[in-house]
Amino acid sequence: MIILAATPIGNLGDASRRLVEVLENAEVVVAEDTRTTQRLLQALHIANRPRLIALHDHNEKQKAAELAALAAETDVVVMSDAGMPTVSDPGYGLVAEAVAQGVTVTAIPGPSAVLMALAISGLPTDRFTFEGFLPRKPGERRSTLRGLAAEPRTMVFFESPSRLASTLTDLGVAFGDDRRVAVCRELTKLYEEVRRGTAAELAAWAAEGVKGEIVVVVEGAPRREASPEDALAQVQALVADGTRLKDAATEVASQTGLSSRDLYQAALAARTR
């Protein structure tokens, strides 16, 4: 089978007993960076020396079928440099191929920068969306953020420390400078830090320079009070801009709390008048 193994995101004490047991008996370990995995094995005092196979963004398409076939014969442990494989890390292509080949896939749960940042952010945790890394190019990043401006769920992003200030500035423009944000830095490590404030406040702080691994948690868009007539007009405006009617009704419903079905039916009825 394929065993997705979550590894510490900073503090080695977060390595689970189950992870240690699996690594002590593993014959094959597929790793994002074999050097990082070797250091982890040494740090956890693993005497076992499994066969290490590199799997990263540049070779996953070529390796997936071969590794899935190997997993049909023996257990294959899959590890990223930190956290859960496949979550903004290599592994998804391998899992998809394993599923297609009928190979069992399981996981050793463990540390997650996404869930930890969400939990300690102080922002709503009942509904959230993980958006991974934003585009590096400023124009593409701003376009992506504009598309997320009306997202009502709490949003979680990864970001490079070198781009953090620019991202927070763009976020303030797209979402409004008063949108609440938490920047979580160096989670579980010695210099762990959480900065909370508005997008504008945190952009000013980040402009001074920030180091370490960064997770950004952003408050979802507040629901806007709207009458059914105003909401219908919003749906019609989105449709006029090229959005499918169903998608437009869903988007406006998420912003206003009105029924997407009612908005959809009202828009259809308005077409026949």
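Residues numbered from 1 in each chain as written. Predicted model: local features only at pLDDT ≥ 70, side-chain atom pairs only at ≥ 80, totals over all residues. Heavy atoms only, no water.

J.: Teacher, can you tell me more about unusual backbone geometry here?
T.: Across residues other than glycine, the phi torsion is negative in most instances, and most of the peptide bonds are trans. Not every positive phi belongs to a glycine, and His45 is a case in point at roughly 60°. One can find His45 in the loop between helix 2 (34-43) and strand 3 (51-54). On the accessibility criterion, His45 (67% relative accessible area) is exposed. Phi at Ser88 takes a positive value of approximately 60°, unusual for a residue other than glycine. By the element assignment, Ser88 lies in the loop between strand 4 (76-79) and helix 4 (92-100). (Helix = DSSP H or I, 4+ residues; strand = E, 2+ residues; numbered from the N terminus. Buried < 20%, exposed > 50% of the residue type's maximum accessible area, 1.4 Å probe, protein only.)

J.: Would you explain the pairing of strand 1 (residues 2-5) in this entry?
T.: Looking along a regular strand, one sees the side chains alternate between the two faces of the sheet. Residues Ile2 and Leu4 line one face of strand 1 and the alternating positions Ile3 and Ala5 line the opposite face, and both faces are buried. As paired strands, strand 1 and strand 5 (residues 105-108) are joined by four bridges and run parallel to one another. Residue pairing for strand 5: Ile3 is matched across the bridge by Thr106. (Pairing = 2+ DSSP bridges.)

J.: Looking at this structure, I do not really get the sheet that holds strand 10 (residues 214-218). What am I missing?
T.: In a beta sheet, neighbouring strands pair by backbone hydrogen bonds and run either parallel or antiparallel. An order of 6-7-10-8-9 is seen for the five strands of this open sheet, with the pairing classed as mixed. Where the open sheet ends on each side, the last strands, each with one partner, are strand 6 (128-133) and strand 9 (193-198). Ignoring which end each strand starts from, the neighbouring axes of this sheet average 20° apart. Across five bridges, the pairing between strand 6 and strand 7 (residues 154-159) is parallel. Bridged to Phe133 within strand 7 is Phe158. Its contacts with the sheet put helix 7 (residues 164-175) on strand 7, strand 8 (180-185) and strand 10, and the angle it makes with strand 10 is roughly 10°. (Axes fitted to C-alpha atoms, helices over the stretch in contact; angles between N-to-C directions. Contact = heavy atoms within 4.5 Å.)

J.: In this structure, what is going on with the packing of helix 9 (residues 228-240) against helix 11 (residues 260-271)? I would like to understand it.
T.: Any two packed helices are characterised by how steeply their axes cross, that is the angle between the axes, and by the distance between the axes. It is the contact of helix 9 with helix 11, at a shortest axis distance of 10 Å, that shows an interaxial angle of 70°. Classed by the angle they form, the pair helix 9 and helix 11 counts as roughly perpendicular. In contact with Ala231, Leu232, Val235, Gln236 and Val239 of helix 9, helix 11 contributes Leu263, Ala266, Ala267, Ala270 and Arg271. Among the residues making up the contact of helix 9 with helix 11, the classes are represented as eight nonpolar, one polar and one charged. (Parallel < 35°, antiparallel > 145°, perpendicular 65-115°, else oblique. Nonpolar A, V, L, I, M, F, W, Y, C, P; charged D, E, K, R; others polar.)

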